[in-house]
Amino acid sequence: MMRTISEWQNMTAWNRLLRADFIRQNHLRFKEGQIYEDHLWSFQIACLASSFYVVSHTTYLYRYRDDGLSAPDDGRKYYNNLMIIIKDITAFVD
């Protein structure tokens, strides 16, 4: 079933299945050293893909660790990185 772009809400990379030639042709790479880099990557894919499909069944189990890179903090790490991502998104669409 074809879905709309508004359903592309989970911005993680681990829930995407892409053709390797699509990634190569569009030069899609994660920004080195960036936390939450999959936000920018997923946004770029959503802009560049001519179509995509959403499946309703579980295809991946995510393990959350308290000591992981995206573990909770006081919010500064998330918002500082979010500002970098917003700048990168703006540069991508300009």
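Above this text is the structure in question.
Below you will find a few notes about this structure. Quick caveat: nothing in here was measured; it's all calculated off a predicted structure. (Residues numbered from 1 in each chain as written. Predicted model: local features only at pLDDT ≥ 70, side-chain atom pairs only at ≥ 80, totals over all residues. Heavy atoms only, no water.)

**Observations concerning the overall build of the protein chain**
Of regular secondary structure, the protein chain possesses three helices and zero strands. Across the 94 residues that make up the protein chain, the buried fraction comes to 23%. Partitioning the intrachain contacts of the protein chain with sequence separation of at least 6 by distance along the chain shows that 68% fall at a separation of at least 24. Total accessible area on the protein chain is roughly 7400 Å²; 55% of this is exposed by carbon and sulfur atoms. (Helix = DSSP H or I, 4+ residues; strand = E, 2+ residues; numbered from the N terminus. Buried < 20%, exposed > 50% of the residue type's maximum accessible area, 1.4 Å probe, protein only. Contact = heavy atoms within 4.5 Å. Areas by Shrake-Rupley, 256 points an atom, 1.4 Å probe, with all protein chains shown as cover.)

**Observations regarding a nonpolar patch on the surface**
Taken together, the side chains of Leu-48, Phe-92 and Val-93 present a nonpolar region at the surface, about 230 Å² in accessible area. Within the secondary structure, Leu-48 is located in helix α2 (residues 37–48). By relative accessible area, Leu-48 is classed as partly exposed at 35%. (Patch = residues over 30% accessible without salt bridge, like charges linked within 9 Å, V, L, I, M, F, W, Y side chains within 5 Å. Salt bridge = Lys/Arg side-chain N within 4 Å of Asp/Glu carboxyl O.)

**Quick notes on the pattern of salt bridges**
Once their charged atoms are close, side chains differing in charge can pair, the charge on each being opposite to the other. Summed over all chains, the structure comprises two salt bridges. Arg-19 is paired through a salt bridge with Asp-21; the nearest N and O atoms lie 3.1 Å apart. A relative accessible area of 55% places Arg-19 in the exposed class. Between Lys-31 and Asp-88 there is a salt bridge, with its nearest N and O atoms 2.8 Å apart. Placement of Lys-31 in the loop between α1 (20–25) and α2 and of Asp-88 in helix α3 (residues 76–93) is noted, with a sequence separation of 57 residues between them. Residue classification places Lys-31 among the partly exposed residues on the basis of a relative accessible area of 37%.

**Remarks on the environment of Trp-41**
Positionally, Trp-41 belongs in helix α2. C-alpha separation for the pair Trp-41 and Arg-29, spaced 12 residues apart in sequence, amounts to 7.2 Å. Setting aside its immediate chain neighbours within four residues, Trp-41 contacts Ala-13, Arg-16, Leu-18, Ile-23, Leu-28, Arg-29 and Phe-30.

**Side note on α2**
Taking 1.5 Å of rise per residue, 12 residues should cover 16 Å, and α2 covers 17 Å from first to last C-alpha, within 8% of that figure. Taken together, the buried positions of α2 are Asp-38, Leu-40, Trp-41, Ser-42, Gln-44, Ile-45 and Ala-46. Packing partners of the buried residues in α2 comprise α1 and α3. (Expected span 1.5 Å × (residues − 1).)

So yeah, pure geometry; function would need other evidence.
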